[in-house]
Amino acid sequence: MRVQQIQMVLAVLALSGVVQVQGGVQEVHNVYELSGQIAHKARFSTDVAEDKYTPPEEMDPQFWYDLANEEINKRLALPKLDTKMAKNVIMFLGDGMPLTTVTAARILKGQRQGKTGEESSLSFEKFPHTGLSRTYCSNAQVPDSACTATAYLCGVKTNIINIGVSAAVNFNNCTASQDPANRLTSIAEWAQNAGKATGIVTTTTLTHASPSGAYAKTANRMWECDTDVTNYGVDASSCIDMATQLVTQTPGKNFDIMFGGGMGKFLPKTIQDSHGKAGERSDGVNLLSKWQSQHKGGVLVSNRKQLLSVNVSAVGNIIGLFQSQLMKFHIDADETYQPTLSELTEVTIKKLSQNENGYFAFIEGGLIDYGNHYTQAGYALDEALEFEKAIQLARDITDIEDTLIVVTADHGHAVSIAGYPGRGTDILGINRHDTDINGVQYSVLNYAAGPNQYLDENGQRIPLDGILGDVDSIAPSYIPKDQGVHSGEDVGIWASGPQSYLFTGVMQQSTIPHLMAYASCIGNGQKFCDKTA
């Protein structure tokens, strides 16, 4: 029966000009497939093909003319900020956030509001200037979060797995990573040298790859504590782990704010942390006690209540470690215990704003990446929506005249939206307007690689009804792997505030911190202030 079905489908396609038996370029656009009717024809149903939904107002061309005028007027009304310096810079990093995830999150946002979704916008999509970042690293066509962090925070591309050191350093080579000629400085250090306040915020761990780009210098992103260094066959007594670097070295020890997870990396195995788990360090060092001894007015917080109780005007530096390891997905977290990214952002800005010279803040939505690695698109999209809420809050509570906000991603993920689903199709569900060649409907979101291919005993795709739709559903993938993989396409950059016009066009990822430094007149490179002096 399946052979007969395939023959019938091919006949329909041939009539549409899709299949050509002669040589040459084959036509690929089939109106039956585009309209969603091929799905019904492939099932040999006598039912009338379901029409795709069109919002009534969009049937009138004037709707689009009015929308275009509205967008033109918004741009014309923007303040002319190319004559102003950025006193403050906030960099928001969506880890593992390809443009597909941005689009899908936009749709989910609208659908949660009862709309079809496609017409919605994320907060940062409303920023006036947009560009693309090229994410490859010195020895990698598709990067990781370590070499990319070195690019967008230190301004130099390096080898995959490296942080804060040049491409002259090979994996796990501690000696080369300690050579001063190979060690880099970050925009956080440039800001500190200019007398500005600094802070790092993440939903992963403080020693994870992305935030570590602001302070660490290492030949292995996994050297988060001394135990990790030893586990990779390196002498931890001579090779300083990242948690120790953060607490004892410049610029980490000078951060005014450090918020994230990963408390275990700072405590010895003999001590139970604030979350009821043993520390991970083998050297017996309590880095949190050391940090507190260095910051007499400093405060350590470990839950939401403690964080929101802090009077930022009455304390010095603040370190917040809200889980033993990674922070939990927003959906799974106890909202009374773990603060949201927006809450972390608000406290960070309030504290850093006390510095009259301005500040630099790095704020990461780090679990977008984990949702995509798990091929659980619902988690990735929800994290992206938490990310965009934090960005909206930041723009609302800062002055666009003196605060530059730059939003970008470190790398993409191999996820796609495909198959001509109709307007309003559940972004986490099944494409009801198309089928594969065997007449089986498929997911709206699909990953190139991942744990679930959803095949029967004969290797054929199975129907996904009852499998997809929940936020924790595992999306289908083509290549069997234990998890999803990064992708190598360019990622977006969105900017708002002084000198934001610089963040347009296609640029090397390593140019981003130099542009932020230019706008805020810090570092050793070109500066906006040089032009106005």
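The name an unreviewed UniProt entry assigns to the protein chain is Alkaline phosphatase, from the organism Drosophila pseudoobscura pseudoobscura. A UniProt comment under Subcellular location (unreviewed entry) is attached to the protein chain, and it reads "Cell membrane". Recorded in UniProt under Sequence similarities (unreviewed entry), the annotation for the protein chain is "Belongs to the alkaline phosphatase family."

*Asks:* Tell me about the overall build of the protein chain, residues and numbers included.
*Replies:* Scanning the protein chain from N- to C-terminus turns up 18 helices and 17 strands. Radius of gyration (C-alpha) of the protein chain: 25 Å, near the 24 Å computed for a compact globule of 533 residues. Viewed in the frame of its principal axes, the protein chain has a C-alpha envelope of about 80 × 55 × 50 Å. In the protein chain, which comprises 533 residues, the proportion classed as buried is 54%. A separation threshold of at least 6 residues defines the contact pool for the protein chain, and within that pool the share at least 24 residues apart is 69%.

*Asks:* Could you give an account of the domain arrangement of the protein chain, with specific residues and numbers?
*Replies:* When the parts of a complex come together, some accessible area is lost, and that lost area is often taken as the interface size. Entries for the protein chain in the domain assignment read domain 1 (84–414 + 487–531) and domain 2 (421–484). Of note, the centres of domain 1 and domain 2, computed from C-alpha atoms alone, are 33 Å apart. Taken together, the contact pairs 19 residues of domain 1 with 21 residues of domain 2. Both faces considered, domain 1 and domain 2 share a buried interface measuring about 1,600 Å² in area, 59% of it formed by carbon and sulfur atoms. Three residues, His373, Thr375 and Ala414, lead the burial of domain 1 against domain 2; their summed loss comes to 33% of the area buried on that side. Across the domain 1-domain 2 interface, the total number found is two salt bridges. The salt bridge partner of glutamate 118 is arginine 423, with a shortest N-O separation of 3.0 Å. If you look at where domain 1 meets domain 2, you find 13 residue pairs in polar contact (both at pLDDT 80 or more). Contributions of two or more residues to the side of domain 1 that touches domain 2 are made by helix H5 (99–112), helix H15 (367–373) and helix H16 (377–397). Here the residues of the side of domain 1 that touches domain 2 are counted per class, giving nine nonpolar, eight polar and two charged.

*Asks:* Quick one: what's the story with the packing of H5 against H16, residue by residue and with numbers?
*Replies:* At their nearest, the axes of H5 and H16 sit 9 Å apart, and the two run at 85° to each other. The angle between H5 and H16 places the two elements in the roughly perpendicular class. Side by side, H5 and H16 meet where Thr101, Ala104, Ala105, Leu108, Lys109 and Arg112 of the first sit next to Leu381, Asp382, Ala384, Leu385 and Glu388 of the second. Of the residues that constitute the contact of H5 with H16, the class distribution is six nonpolar, one polar and four charged.

*Asks:* Please set out the state of the cysteines residue by residue, giving values where relevant.
*Replies:* What we call a disulfide is simply a covalent bond connecting the sulfur atoms of a pair of cysteines. This structure, assessed with the given rule, holds three disulfides. Here cysteine 174 engages in a disulfide with cysteine 239; their sulfurs sit 2.2 Å apart. Negative torsions about the S-S bond denote left-handed disulfides, and the value of about 110° found for cysteine 174 with cysteine 239 makes this one right-handed. On the criterion of sequence distance, the pair formed by cysteine 174 in helix H7 (residues 174–177) and cysteine 239 in the loop between helix H10 (226–231) and helix H11 (242–248) is long-range, its members being 65 residues apart. As far as burial versus exposure is concerned, cysteine 174 and cysteine 239 are alike and both buried. Sulfur-sulfur distance for the disulfide between cysteine 521 and cysteine 529 comes to 1.9 Å. Given an S-S torsion of about 100°, the disulfide between cysteine 521 and cysteine 529 has right-handed geometry. Taking relative accessible area as the criterion, cysteine 529 reaches 24% and is therefore assigned partly exposed. Disulfide connectivity for the protein chain, with bonded cysteines indexed by sequence position, reads 1-2, 3-4, 5-6.

*Asks:* Describe the confidence of the model for the protein chain, with residues and values.
*Replies:* Here the protein chain shows a mean pLDDT of 91. Residues at 70 or above account for 90%. Across residues 5–22, where pLDDT falls below 50, the model places 27 contacts with residues more than four positions away in sequence or in other chains. Under a pLDDT of 50 for its full length, residues 40–49 has, in the predicted model, 15 contacts with residues more than four places off or in other chains.

*Asks:* Tell me about unusual backbone geometry, and name the residues and values.
*Replies:* Here the bond from threonine 250 into proline 251 is cis, since omega is 10°, no more than 30 degrees from zero. Look at threonine 375: it is not a glycine, yet its phi comes out positive at around 50°. Within the secondary structure, threonine 375 is located in the loop between H15 and H16. Residue threonine 375 is classed as buried on the basis of its relative accessible area of 0%. The backbone of glutamine 499 sits at a positive phi, close to 65°, despite the residue not being glycine.

*Asks:* Lay out the packing of aromatic side chains with the relevant residues and their values.
*Replies:* In total, this model carries ten aromatic pairs according to the counting rule given. Plain terms: the ring middles of phenylalanine 92 and phenylalanine 387 are 6.0 Å apart, the flat faces sit at 75° to each other, and that makes the pair edge-to-face. Taken together, the residues phenylalanine 92 in strand S1 (residues 88–94) and phenylalanine 387 in helix H16 connect sequence positions 295 residues apart. Residues tyrosine 370 and tyrosine 374 carry aromatic rings whose centres are separated by 6.2 Å and whose planes lie at 75° to one another, so their mutual orientation is edge-to-face. For tyrosine 374, a relative accessible area of 39% gives the class partly exposed. The structure contains a cluster of three or more aromatic residues connected by ring pairs, namely Phe92, Phe124, Phe387 and Trp494. Across the ring face of tyrosine 136, the terminal group of lysine 157 is positioned such that the distance to the ring centre comes to 3.5 Å.

Reading the values: rules and limits
Residues numbered from 1 in each chain as written. Predicted model: local features only at pLDDT ≥ 70, side-chain atom pairs only at ≥ 80, totals over all residues. Heavy atoms only, no water. UniProt positions renumbered as here; feature names shortened; annotations may be inferred. Helix = DSSP H or I, 4+ residues; strand = E, 2+ residues; numbered from the N terminus. Rg over C-alpha atoms; globule rule 2.2 N^0.38 Å. Buried < 20%, exposed > 50% of the residue type's maximum accessible area, 1.4 Å probe, protein only. Contact = heavy atoms within 4.5 Å. Domains from an automatic or database assignment. Buried area = accessible area lost by both parts, 1.4 Å probe. Salt bridge = Lys/Arg side-chain N within 4 Å of Asp/Glu carboxyl O. Polar contact = N/O pair within 3.5 Å; in protein donor to acceptor, adjacent residues only side chain to side chain. Nonpolar A, V, L, I, M, F, W, Y, C, P; charged D, E, K, R; others polar. Axes fitted to C-alpha atoms, helices over the stretch in contact; angles between N-to-C directions. Parallel < 35°, antiparallel > 145°, perpendicular 65-115°, else oblique. Disulfide = S-S within 2.5 Å. pLDDT = per-residue confidence, 0-100. Phe/Tyr/Trp six-rings, centres within 6.5 Å; stacked < 30°, edge-to-face > 60°. Lys NZ or Arg CZ within 6 Å of the ring centre and 35° of its normal.

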